[in-house]
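Okay, here's what each chain looks like letter by letter:
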Amino acid sequence: MPSQKPIYKKAYEKIDSYSESTWLGNDKPIFENANTAVFKDLYPCVKGHTLFIPKHNTPESVGESYKLAYYCGNQWVKEGKMGGYNVGMNMGICAGQTIMWPHIHFIPRHKADAPEIGGMRHAHPGADHRKYY
C-alpha cells in the first residue's frame, strides 16, 4: 500500500486539523508540546514575530496556547529580550485571517518602537485614534 503524502492547506483554504496546517508544510516548529506548536512567522512584521499554533480547534487548546504565549512573553521581558509584547488572533477573513486555523500572533515590543501609544486600539483602521492618555 503506497504511503499518502500529507496535505497542507494554502491561504484561505479551510483547515480541518492541525496536521493539514500551512505551517507544517512550510517549516518545522521551534518549540512543541502536547497542545501547541510554535513557529517563526514567515512574514514577520518585526524581528521575533512568532506564532503559537493550537493543535486542536477547541477553546481549551487555544487557551493553552495563549497561556504559553503569556508565559514566554513574561519570561522574555524578564530576561531583557523585549520591553513588552502584543498577543492576538485574527478570526475570520474580515478580521484579516488568511490561514484558516486558529493561531496566536506574538509580537515583541520595544520602547519607542511606534510613533503612538495605544497598542490594540490601532488594529482597526476605522477606530477612534484620538489620544486619550
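Predicted model, so just to flag it, every value in this text is computed and none were measured.

Draft legend 1. Molecular detail of the sheet that holds strand S3 (residues 50-54). Taking strand neighbours across the sheet as the criterion, the five strands line up as S1-S2-S3-S5-S4 in an open arrangement whose pairing is antiparallel. Both edges of this open sheet fall to strand S1 (31-32) and strand S4 (84-88), since each of them pairs with a single strand only. As paired elements, strand S2 (residues 36-40) and S3 share five bridges and run antiparallel to each other. The residue of S3 that forms the bridge with Lys40 is Thr50. In the packing of helix H2 (residues 59-78) onto the sheet, the strands contacted are S1, S2, S3, S4 and strand S5 (104-109), and the crossing angle to S4 comes to about 170°.

Draft legend 2. A look at the pattern of salt bridges. For the structure on display, the rule yields six salt bridges. Across the salt bridge formed by Lys9 and Glu20, the nearest N and O atoms sit 3.5 Å from each other. Taken together, the positions of Lys9 in the segment before helix H1 (22-26) and Glu20 in the segment before H1 put the pair 11 residues apart, joining distant regions of the chain. Residue Lys55 is joined to Glu32 by a salt bridge in which the shortest nitrogen-to-oxygen separation is 2.7 Å. Here Glu32 lies in strand S1 and Lys55 lies in the loop between S3 and H2, a separation of 23 residues in the sequence. Given a relative accessible area of 17%, Lys55 falls into the buried group.

Draft legend 3. Structural context of the nonpolar core. With nine residues, the main nonpolar core is built from Ile15, Tyr18, Trp23, Ala37, Phe39, Leu51, Ile53, Ile99 and Trp101. Setting aside anything within four residues of it in sequence, one finds Ala37 in contact with Tyr18, Pro29, Phe31, Glu32, Leu51, Phe52, Ile53 and Lys55. In terms of nonpolar packing, the next biggest core, distinct from the first, is built from eight residues, Ala69, Cys72, Met82 and Phe106 among them.

Draft legend 4. Representation of unusual backbone geometry within the structure. Backbone geometry at Tyr12 places phi at a positive 70°, although glycine is not the residue there. Mapping Tyr12 onto the fold places it in the segment before H1.

Draft legend 5. Just H2, in detail. Across its 20 residues, H2 extends 28 Å between first and last C-alpha, which sits within 8% of the 28 Å expected from 1.5 Å per residue. Residues of H2 that are buried include every one of Ser61, Val62, Ser65, Leu68, Ala69, Cys72 and Gly73, and no others. The buried residues of H2 all sit within an arc of 130° when viewed along its axis, so they share a single face. Exposed side of H2, more than 90 degrees from the buried face: Pro59, Glu60, Lys67, Tyr70, Tyr71 and Lys78 are the residues found there. Gly80, located one to two residues past H2, shows a positive phi value of around 80°.

Calculation rules
Residues numbered from 1 in each chain as written. Predicted model: local features only at pLDDT ≥ 70, side-chain atom pairs only at ≥ 80, totals over all residues. Heavy atoms only, no water. Pairing = 2+ DSSP bridges. Helix = DSSP H or I, 4+ residues; strand = E, 2+ residues; numbered from the N terminus. Contact = heavy atoms within 4.5 Å. Axes fitted to C-alpha atoms, helices over the stretch in contact; angles between N-to-C directions. Salt bridge = Lys/Arg side-chain N within 4 Å of Asp/Glu carboxyl O. Buried < 20%, exposed > 50% of the residue type's maximum accessible area, 1.4 Å probe, protein only. Core = buried A, V, L, I, M, F, W, Y, C linked by side-chain atoms within 4.5 Å. Expected span 1.5 Å × (residues − 1). Arc of directions from axis to C-beta.

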